[in-house]
Amino acid sequence: MSPTFLPLAFGFGNLLMLGWLAAAGLPLLIHLWNKRTHQEIPWAAMEYLLAAMKNNSRRIRIEEWLLLTIRTLLLVLVVLAMAELYLENANLAILPGSRAHKLLVIDDSYSMGYKPGDTTRFDRAKQLAREIVQQSSLGDGFTLLTLSSPPRAVIRSPSFDRKSLLEEIDNLRLVHGKAELPATLQEVEKILATSEREHPQLIKQEVYFLTDLGRNTWAPDFANAESAADFHDRAQRLKEISTLVVIDLGQAQAENMAVTTLEASERFITVGQTANLQATVHNFGVAPHQQTLELDVDGQRVEQSEVSVEPGRSSVVRFVQRFAAPGNHRLEARLTGDALDVDNHRWLSLAVKENIQVLCVDGKPRGAESAGATFLLTRLLDQRDTGGASPSIRATSLPESALAETDLSGFDCVILSNVAQFTASEASRLDTFLKQGGGLIFFLGDRVLPDRYNQELLGESGGRAKIFPAKLLGVSGESAYTFDPLDYRHRLLDAFRGNEQGGLTRETIYKYMRMKLPEKSQAETVMTFRETGDPAIVEEHIHAGRSIVVATPAAIDERNPWNVWLSGKNGPVMLFDLVAEAVGSQAAQRNLTVGTALEAGAPAATPGTSLTLQLPDGRKESIRPSAAGDAARWSFNDTSLSGFYRLDAGSNSPEQTFAINLNTAESDLAKLDPADLPKEFVARTNWQDLGTAPASELKPRAGADRWLLYCVLGLLLAETALAWHLGQRRG
C-alpha cells in the first residue's frame, strides 16, 4: 500500500484533523520545561530529605512516566475521534460511521433521453453522479453499474481514483434498450459481495439508483410467482447489508408520441412492383396530439402525412412506393419531434430484387416435360402477373441428380418435389443454404423414403444437419381427406381468411404423407387434415432461413391416387404464399430489434478477410468472417443503438443494410409513485436530501469514533484515579 493511502486504510477521511496529533506532545514539553526551570540550591535540610527519598526514586519515576503516557494518549485518541466525526459531517450524515462503498447505478435506458427542459434525464443523472463523487469524503470507494438489459458493470471493484471514475461517468452513453431491474439487483449483490471481500475497510454500503422511476421498470411483470419471490428476497438481503436509495429523475404525466412500426405488406419486392408501406404512431401520453409523419427513402424525403392520435391510441399511416432500381433500400418513418426524440424514428431495410430466383428440384422426371414433378410448379410460378401488382419470379428446374453439383447461392428459394432421398453431401449443401437465409419447400409424394429423410434431415443422428421440421411416418390410407386451416391463425393462410366456402376447406385429398413434430420442436403446424389431425403443412425457422413441408405432391400423375390440389383455383395462391413465406425470412434477418446480434453470410469474403461495419452513430467496426460450411459468415453483437448498420464487403459485393429498431415498451413514460416502491428502497429527488432521512429508513453502523471515545472515557477515569492515588501517597 502506498504511503498516501496508508492513513486512509485506518478509516480517516480528513487528514488535516490528524495534524492536531502534535498536541499530544504538550504534556511532554511542559514536563521538560518545568524540569529546565528548576534551579538546584544546596540546602542542608533538603540533603537529608533527598537521602531519604533515594530508595523510592525509581518507583516515583515510573509512576510519573505512566501518568504522562496516559495524558498524552488521551490527546491522541481525542484527535482521532474528532477526525472520524468530521468524516461523518462531510458525508452529510448519510450513514454515521466509517468509510463508505458507494455503488452508482445509472439508468441508461432510452426513456432517460426524455428532455423536459434544457437537459435530458440521462444528463441530469450523470451530473448527480458526479456530485456524489466530488462531495463524498476522501477514502470512499466507488463502483459504477448501468440499469439496462443486460446491466453493464463499468467499474466492478471499488475504485479510489476519482479522476478516472468521473471520466467513466462522462463516457456513459444512452443505449436504445430497456431497463431490467431484477437482473440489475443480481449484479448489485455480486458487486457488494466483492467489495466486502476485497475492501473490508469500507464498512458502509450505499447503493444509489439514478432513474426516471418508469413503471415498466420499477413495477416489472414477473414470469411467475417464483421469479417475484426471488426478486423480493434479493432486495431484502441487499437492505440488510446496504442502503438502497432511489433518486427520482422522472416527471409525472410526461407526454410522448412514438413510431412503433414500419413495415411493407409484401414479404418480398421486385423492381417495378408496388410496395404498400404502413407506419403505426402511438400516443403514450394523456392528451391528444397531432404531428407530421415523414417518409424518407435512401436519405431523401419522399412523402409526409399529418397524423392525429388520441391518448393511449394508435393511428396507421399508409404510403405507396415503387422502386426503379434493385438493391438494399433504407426507409425511415420520422415524426417531427417531441421531448423524447429516440422513438420518433422507425427504420426499415428493404431488399428490392430484379426477380425472385426459385430452383425447382425434380424428384420424378419422366422424359416428357408434363410428367415431371416440377412441371406444374414452374408453370404456375412463371405465370405470375408481373405488371406491378405482384413480384417477378423466375423458376428454374433441375433433376435431383444435379443437386449435389449446383451452386445454390444465386437462388432465393429451393423447392424439392417428390425427391426420394438425400445424401449427406446434399443435406450439407441445403444446410448452408438455410444459414445464408434461403428458403426450402418440400412437396412429398410416392417416391419419398421416410426412413432416409428421418436419418439425413432431422439432425437427430450424430453430425447430421437439421433442415427438415417434421418426422415422416409413412403414407396414409386411401380415403377422402379435407383441410382444417386451424382458424387461419398462421400468416401463410391470410389470403384465404374470410373465404371459407370456396377456399381451402373445399379441397379433397385422397392420399398424403403422414408426419408428426418431434418433441420440443419449434416448428409450427399451418394446417392439418380434419379427419385424422395429421399435419398437412409444417414450417420452421432454421438458422437464418425457413423450411416448409407440404404433405401432398406437386406433380400431376393420373396413374396413382395422389391427387394434386395445386392444379385447382386455390393452388396458385397457395404456391405463391409458400414461396413468399420461405423467402420472407430474409427480410426478417435484416430488420431486428435493439440487442439482437447481427449475423449474415459474406459470399464475396473468405475467412480471415476484414469487413467494415458502419454503426448508426458513424463509428466503424472491423469484422472478420468465419467459415460456415461452404460459405463464410459474420456476426456482430453490440446493437445497443437503433438505426441502420451498413456492411461494406468490398467493391465486388453489394452493401448489406440492417435496420435495428426499438422495443417501444420504454416509450410509455408512466411513472411509479415513489410511495409504491418496494419497502426495501428509499426514494429521494436529490442525493443530498438523504441527510433528512428518518433513522428508521437509514440504518447506522457503528464506526471507529465511538470506540475511540469509549477509550478516552476509560483513560480519563484511569488518569483521575492514578493522579489521586499518587497524590495520597505523596501527601
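Everything quoted here is computed from the prediction, not taken from an experiment.

Examining the overall build of the protein chain
Line of reasoning, step 1. The number of helices and strands found in the protein chain is 13 helices and 33 strands.
Line of reasoning, step 2. For the protein chain, the proportion of its 731 residues judged to be buried stands at 50%.
Line of reasoning, step 3. Look at the contacts in the protein chain between residues 6 or more apart in sequence, and 73% of them connect residues 24 or more apart.
Line of reasoning, step 4. Carbon and sulfur atoms make up 52% of the accessible area of the protein chain, which totals about 34,200 Å².

Some points on the sheet that holds strand 8 (residues 274-283)
Line of reasoning, step 1. Pairing is antiparallel across the open sheet formed by 3 strands, whose spatial order is 6-8-11. Here the strands that pair on one side only, and so sit at the sheet edges, are strand 6 (257-264) and strand 11 (314-322). The sheet shows a mean angle of 20 degrees between the axes of neighbouring strands, taken without regard to direction.
Line of reasoning, step 2. Sheet analysis places strand 8 next to strand 11, joined by 9 bridges and oriented antiparallel. Paired with glutamine 278 across the bridge in strand 11 is arginine 318.

With respect to the sheet that holds strand 5 (residues 243-248)
Line of reasoning, step 1. Sheet architecture is open: 6 strands sit in the order 3-2-1-4-5-33, paired in mixed fashion. Of all the strands in the sheet, just strand 3 (153-159) and strand 33 (681-684) have a single pairing partner and so form its edges. The mean inter-strand angle of the sheet, taken between neighbouring strand axes irrespective of direction, is 20 degrees.
Line of reasoning, step 2. Bridge count between strand 1 (residues 100-107) and strand 2 (residues 141-147): 7 bridges; the pairing is parallel. Note on strand 2: the bridge partner recorded for isoleucine 106 is threonine 146.

So, the packing of helix 4 (residues 121-135) against helix 5 (residues 162-171)
Line of reasoning, step 1. Here helix 4 crosses helix 5 at 170 degrees, and the two axes come no closer than 10 Å. When the axes of helix 4 and helix 5 are compared, the pair comes out roughly antiparallel. Only Arg162, Leu165, Leu166, Ile169 and Asp170 of helix 5 make contact with helix 4, whose side of the interface consists of Lys126, Ala129, Arg130, Val133 and Gln134.
Line of reasoning, step 2. Tallied by class, residues from the contact of helix 4 with helix 5 come to 5 nonpolar, 1 polar and 4 charged.

Things to note about the nonpolar core
Line of reasoning, step 1. Membership of the largest hydrophobic core comes to 74 residues, with the highest contact counts inside it found for Ile415, Leu416, Phe442, Phe443, Tyr453 and Met574.
Line of reasoning, step 2. The element that contributes the greatest number of residues to this core is helix 12 (residues 571-590), accounting for 8 residues.
Line of reasoning, step 3. Not counting the four nearest positions on each side in its chain, methionine 574 is found in contact with Leu492, Leu493, Phe496, Leu504, Met527, Ile537 and Trp565.
Line of reasoning, step 4. Membership of the second largest hydrophobic core comes to 25 residues, among which are Tyr110, Ala254, Tyr645 and Phe658.

Section: the confidence of the model for the protein chain
Line of reasoning, step 1. Confidence along the protein chain averages 84 in pLDDT terms, with 80% of residues attaining 70 or more.
Line of reasoning, step 2. Under a pLDDT of 50 for its full length, residues 690-702 has, in the predicted model, 25 contacts with residues more than four places off or in other chains.

Notes on helix 9 (residues 375-382)
Line of reasoning, step 1. For helix 9, the set of buried residues is Leu376, Leu377, Thr378, Leu380 and Leu381.
Line of reasoning, step 2. On the buried face of helix 9, the contacting elements are strand 14 (356-362), strand 15 (393-399), strand 16 (413-417), strand 17 (439-443) and helix 12.

Considering the packing of aromatic side chains
Line of reasoning, step 1. Counted by the stated rule, this structure contains 17 aromatic pairs.
Line of reasoning, step 2. Ring centres of phenylalanine 442 and phenylalanine 468 lie 4.9 Å apart, and the angle between their planes is 80 degrees; on these two criteria the pair is classed as edge-to-face. In this pair, phenylalanine 442 is assigned in strand 17 and phenylalanine 468 in the loop between helix 11 (450-457) and strand 18 (471-475), connecting sequence segments 26 residues apart.
Line of reasoning, step 3. Aromatic side chains tyrosine 453 and phenylalanine 468 sit 5.4 Å apart centroid to centroid with 75 degrees between the ring planes, which places their arrangement in the edge-to-face category. Placement of tyrosine 453 in helix 11 and of phenylalanine 468 in the loop between helix 11 and strand 18 is noted, with a sequence separation of 15 residues between them.
Line of reasoning, step 4. Tyrosine 453 gets classed as buried once you look at its relative accessible area, which sits at 1%.
Line of reasoning, step 5. An aromatic cluster is built from Phe422, Phe442, Tyr453 and Phe468, whose rings are joined through pairwise contacts.

Quick notes on the packing of helix 9 against helix 12
Line of reasoning, step 1. Close contact between helix 9 and helix 12 brings their axes to 10 Å; oriented N to C, the two are set at 85 degrees. What the angle tells us is that helix 9 and helix 12 run roughly perpendicular. The segment helix 9 lies against helix 12, with Leu377, Leu380 and Leu381 engaging Pro572, Leu575 and Val579.
Line of reasoning, step 2. For the contact of helix 9 with helix 12, a count of residues per class yields 6 nonpolar, no polar and no charged.

How each quantity is defined
Residues numbered from 1 in each chain as written. Predicted model: local features only at pLDDT ≥ 70, side-chain atom pairs only at ≥ 80, totals over all residues. Heavy atoms only, no water. Helix = DSSP H or I, 4+ residues; strand = E, 2+ residues; numbered from the N terminus. Buried < 20%, exposed > 50% of the residue type's maximum accessible area, 1.4 Å probe, protein only. Contact = heavy atoms within 4.5 Å. Areas by Shrake-Rupley, 256 points an atom, 1.4 Å probe, with all protein chains shown as cover. Pairing = 2+ DSSP bridges. Axes fitted to C-alpha atoms, helices over the stretch in contact; angles between N-to-C directions. Parallel < 35°, antiparallel > 145°, perpendicular 65-115°, else oblique. Nonpolar A, V, L, I, M, F, W, Y, C, P; charged D, E, K, R; others polar. Core = buried A, V, L, I, M, F, W, Y, C linked by side-chain atoms within 4.5 Å. pLDDT = per-residue confidence, 0-100. Phe/Tyr/Trp six-rings, centres within 6.5 Å; stacked < 30°, edge-to-face > 60°.

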